[in-house]
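As a plain string of letters, each chain reads:
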Amino acid sequence: MVDNPNLWILNGPNLNLLGDREPDQYGHETLDMIKDRCVREANKHNLSIVFKQTNHEGELVAWIQESKKEAAGLIINAGAYTHTSVAVLDALKLLTIPIIEVHLSNIFSREEFRHHSYISSVASGLICGFGGDGYILSINAISNKITN
Ligand code: DQA
């Protein structure tokens, strides 16, 4: 078991607008509120957190590459890039650490184009449909994988 392992939580486009953005779909919680909850939850598991958001595909790819050296586990909500980005998939394929895919909304109960994820095939698991709680569930799930 690694001491105080580092958990990276990466967020893709438009997730900076949570709180204002389609609250019926994504709830009223802001990304900062979710981040605060994640930090508290991670502390309980003796994990330190790197929590980032970007609207740029290349930046997301660069962070995924960086996580290979820095992270013991990765939680990713790639937003719309989930459904479009082979580049994100290829970057994730480089990793050997556990990956959890998270979405606030239930992507399978929404439009057809959201039913396909480029990420699911390389993720250890997928949590969707529980709003911000999905991040907390993901931390619990991944901490078991990191520390066991
Ligand atoms: C999302 C679902 C995606 O389909 C959408 O493009 C997002 C948010 C979610 O968290 O529910 O931006 O990833």
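Please read all numbers here as calculations on a predicted model, not as lab measurements.

Novice: Honestly, unusual backbone geometry in this entry has me stumped. Any pointers?
Specialist: Where the residue is not glycine, phi is negative for most of them; where a peptide bond is considered, it is trans in most cases. For Asn-14, which is not a glycine, the phi torsion comes out positive at approximately 75 degrees. Its place among the elements puts Asn-14 in the loop between strand 1 (6-11) and helix 1 (23-26). Owing to a relative accessible area of 34%, Asn-14 belongs among the partly exposed residues under this scheme. Backbone geometry at Glu-22 places phi at a positive 30 degrees, although glycine is not the residue there.

Novice: Whenever I open this one, the environment of Ser-105 confuses me. Can you help?
Specialist: For Ser-105, the location among the structural elements is in the loop between strand 4 (99-103) and strand 5 (125-128). Relative accessible area serves as the criterion here: at 6%, Ser-105 is assigned to the buried category. For Ser-105 and Ser-138, which are 33 residues apart along the polypeptide, the C-alpha to C-alpha distance reads 14 Å.

Novice: Even after reading the chapter, I still don't get the pairing of strand 1, so can you show me in this structure?
Specialist: It is a general feature of regular strands that their side chains alternate between the two faces of the sheet. Summarising burial for strand 1: six of the six residues are buried, a large majority. Residues Asn-6, Trp-8 and Leu-10 of strand 1 are buried on one face, and the alternating residues Leu-7, Ile-9 and Asn-11, pointing to the opposite face, are buried as well. Pairing geometry for strand 1 and strand 2 (residues 48-53), over six bridges, is parallel. Within strand 2, the residue paired with Trp-8 across the bridge is Val-50.

Criteria and thresholds
Residues numbered from 1 in each chain as written. Predicted model: local features only at pLDDT ≥ 70, side-chain atom pairs only at ≥ 80, totals over all residues. Heavy atoms only, no water. Helix = DSSP H or I, 4+ residues; strand = E, 2+ residues; numbered from the N terminus. Buried < 20%, exposed > 50% of the residue type's maximum accessible area, 1.4 Å probe, protein only. Pairing = 2+ DSSP bridges.

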